[in-house]
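# Examination of the molecular architecture
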Amino acid sequence: MANSAGGIIIYGINEYNDNDRKHLPEKISPIKRQNFSKERIEQIINGNIMPKIDGLLIHPIELEYIDEVVYVIEIPQSHTAHQNTKDKRYYKRQNFEAVAMLDYEVRDVMNRATYPQLTLEFEFITEQKNKLEGHE
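What you see as residue numbers is a count from 1 along each chain, following the sequence as written. Per-residue local features are limited, in this predicted model, to residues with pLDDT of at least 70; the limit for side-chain atom pairs, both in listing and counting, is 80 or more; totals at the level of whole chains, interfaces and linings are taken over all residues. Side-chain figures throughout are based on the complete set of non-hydrogen atoms in the structure, without hydrogens or water.

## Some remarks on the environment of Glu 15
So the rule is basically this: Per the convention used, a helix needs a DSSP run of H or I reaching at least four residues, while a strand needs a run of E reaching at least two, with both numbered from the N terminus. When accessible area is computed with a 1.4 Å probe and restricted to protein chains, residues below 20% of their type maximum are described as buried, those above 50% as exposed, and intermediate ones as partly exposed. Every residue pair with non-hydrogen atoms within 4.5 Å of one another is taken to be in contact.
Turning to its location among the elements, Glu 15 is positioned in strand β2 (residues 13-15). By relative accessible area, which is 42% here, Glu 15 ends up partly exposed. Along the sequence, Glu 15 and Phe 96 sit 81 residues apart, while their C-alpha atoms lie 12 Å from each other. Beyond its immediate stretch of four places on either side in the chain, Glu 15 contacts His 23, Leu 24, Pro 25 and Glu 26.

## Quick look at a nonpolar patch on the surface
Convention followed: Patch criteria: residues need more than 30% relative accessible area and no salt bridge. Like-charged residues are merged within 9 Å; nonpolar side chains of Val, Leu, Ile, Met, Phe, Trp and Tyr are merged within 5 Å. Note on areas: Shrake-Rupley with a 1.4 Å probe; residue coverage comes only from the protein chains shown. Definition used for salt bridges: Asp or Glu carboxyl oxygen within 4 Å of a side-chain nitrogen of Lys or Arg.
Among the surface-exposed residues, Ile 8, Ile 10, Ile 13 and Ile 28 lie close enough to one another that they form a single nonpolar patch of about 350 Å² accessible area. The topology assignment puts Ile 10 in strand β1 (residues 7-11).

## Things to note about the nonpolar core
Going by this rule: For this analysis, a nonpolar core means a set of buried residues of the types Ala, Val, Leu, Ile, Met, Phe, Trp, Tyr and Cys, connected via side-chain atoms within 4.5 Å.
Among the nonpolar cores identified, the biggest contains twelve residues, and these are Ala 2, Ile 31, Phe 36, Ile 41, Ile 49, Ile 53, Leu 56, Ile 58, Val 69, Tyr 71, Ile 73 and Ile 75. Discounting chain neighbours no more than four positions away, the residues touching Val 69 are Pro 30, Ile 31, Arg 33, Pro 60, Ile 61, Glu 62 and Leu 63.

Remember, this is a structural readout, not a statement about activity or role.
Here is the structure:
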């Protein structure tokens, strides 16, 4: 996701299994904080990509019981490409799947900081001819 536009993952939500509602949230599936901590999630993420993602935020959302949470993980868009350390590939998020990046896509991501995105703002001002000549 950092190689694409960034995004949010909610860990602790079950999705429907049927094809008509695939990828839609069905219900909350609490995570036991003592079994799977915020720090462990961060270690798994940082241990599987290189370089680590700067600005990654993990928010535990407490549920009914204090030891049950849902984790909201904010992944910012990065200014460099991140590589999977297991298979040495670069991936991007495309809709609901992770897709291996092509060479030009990796280069484009690595050049984000070098070539900043520019925006142009302008407005047209029109005046009537009579106002320009001093006539009302």
